Amino acid sequence: MPTTKKEQLYFGLMMCSGMVVFMTFYNLYMHGLLETLSWRNILVQLILTFSIAFILESFIVGPIAKKIAFSLPYDKSKKLFVIVSVAFFMVCGMVLCMSLYGLGTAYLSNPLMSGSWLENYYSLVFQNFIFAFPLQLLIVGPIVRFLFQKFVKDKGVVKPDYY
């Protein structure tokens, strides 16, 4: 786990990158847009989504999720409890926020969407949560923690040879 601001930045960039890539392709697939959008449009969407997600994760959702997770009465010396607790609250916050973002972009691109805004939002939140939480716990989280430990935490930030 990151201990310094610099490590938190690297960890956040890594985690956010992984989740945004998977969640973007998942949502494009679920809405039948993978075959219709060009790779250029998908890349633009990834960059825009990553920017918004990283700002939300860094300044709003992350601090709130950590505050809630660490205020709960459980044994914080057990790393697994901390990881699951923080991951749960991070996923909840990010799914609530990014589903709102996704719904907003969907309405902008197709203003004649069927169903009420609230129905569509709750449906999207449910659909995203059931994919994002296992993705975070079983795939992206472990991979990012491994890579973070191997390349950032153990060695410090990799420096060029000319130093």
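Structure first, text after, so check above.
Read on for an overview of the structure. Note that the structure is predicted; figures quoted are calculated from it, not measured.

## Topic: the packing of helix α1 (residues 5-30) against helix α2 (residues 39-71)
Right, on to step 1. In contact at an axis separation of 9 Å, α1 and α2 are set at 135° when each is read in the N-to-C sense. As far as their axial angle goes, α2 and α1 are oblique. Of the two elements, α1 crosses α2, and the hand of that crossing is right-handed. Every residue of α2 that contacts α1 at Leu9, Gly12, Leu13, Cys16, Ser17, Val20, Val21, Thr24, Phe25 and Leu28 is listed here: Trp39, Ile42, Gln45, Leu46, Thr49, Phe50, Ala53, Phe54 and Glu57.
Right, on to step 2. Among the residues forming the contact of α1 with α2, the class breakdown is 13 nonpolar, five polar and one charged.

## Notes on α1
Right, on to step 1. If you check α1, its first and last C-alpha atoms are 36 Å apart, about what 26 residues at 1.5 Å a residue would give, namely 38 Å.
Right, on to step 2. Just beyond α1, the residue with positive phi is glycine 32, at close to 65°.

## Description of the packing of helix α3 (residues 79-109) against helix α4 (residues 117-153)
Right, on to step 1. Here α3 crosses α4 at 135°, and the two axes come no closer than 7 Å. By the angle between their axes, α3 is oblique relative to α4. Crossing of α3 against α4: the hand is right-handed.
Right, on to step 2. The class makeup of the residues in the contact of α3 with α4 is 19 nonpolar, five polar and one charged.

## Comments concerning the packing of aromatic side chains
Right, on to step 1. Applying the stated criterion across every chain yields a total of 10 aromatic pairs.
Right, on to step 2. Ring geometry for phenylalanine 11 versus phenylalanine 148: centroids 5.2 Å apart, planes at 80°, classification edge-to-face. You can see phenylalanine 11 sitting in helix α1 and its partner phenylalanine 148 sitting in helix α4, a full 137 residues away along the chain. The same class applies to phenylalanine 11 as to phenylalanine 148, namely buried.
Right, on to step 3. For the pair tyrosine 26 and phenylalanine 131, a centre-to-centre distance of 3.9 Å together with 5° between the ring planes defines the contact as stacked. Of this pair, tyrosine 26 sits in helix α1 while phenylalanine 131 sits in helix α4, and the two are 105 residues apart along the sequence.
Right, on to step 4. According to the relative accessible area criterion, tyrosine 26 is buried, its value standing at 13%.
Right, on to step 5. Among the aromatic residues, those joined into a cluster by ring pairs are Phe88, Phe89, Phe129 and Phe133.
Right, on to step 6. Taking the ring centre of tyrosine 74 as reference, the NZ or CZ of lysine 76 above it sits at 4.4 Å.
Right, on to step 7. Directly above the aromatic system of phenylalanine 151 lies the positively charged group of lysine 150, at a separation of 5.9 Å from the ring centroid.

What counts, and where the lines are drawn
- Residues numbered from 1 in each chain as written.
- Predicted model: local features only at pLDDT ≥ 70, side-chain atom pairs only at ≥ 80, totals over all residues.
- Heavy atoms only, no water.
- Axes fitted to C-alpha atoms, helices over the stretch in contact; angles between N-to-C directions.
- Helix = DSSP H or I, 4+ residues; strand = E, 2+ residues; numbered from the N terminus.
- Parallel < 35°, antiparallel > 145°, perpendicular 65-115°, else oblique.
- Left-handed = near helix turned anticlockwise from the far one by under 90°.
- Contact = heavy atoms within 4.5 Å.
- Nonpolar A, V, L, I, M, F, W, Y, C, P; charged D, E, K, R; others polar.
- Expected span 1.5 Å × (residues − 1).
- Phe/Tyr/Trp six-rings, centres within 6.5 Å; stacked < 30°, edge-to-face > 60°.
- Buried < 20%, exposed > 50% of the residue type's maximum accessible area, 1.4 Å probe, protein only.
- Lys NZ or Arg CZ within 6 Å of the ring centre and 35° of its normal.

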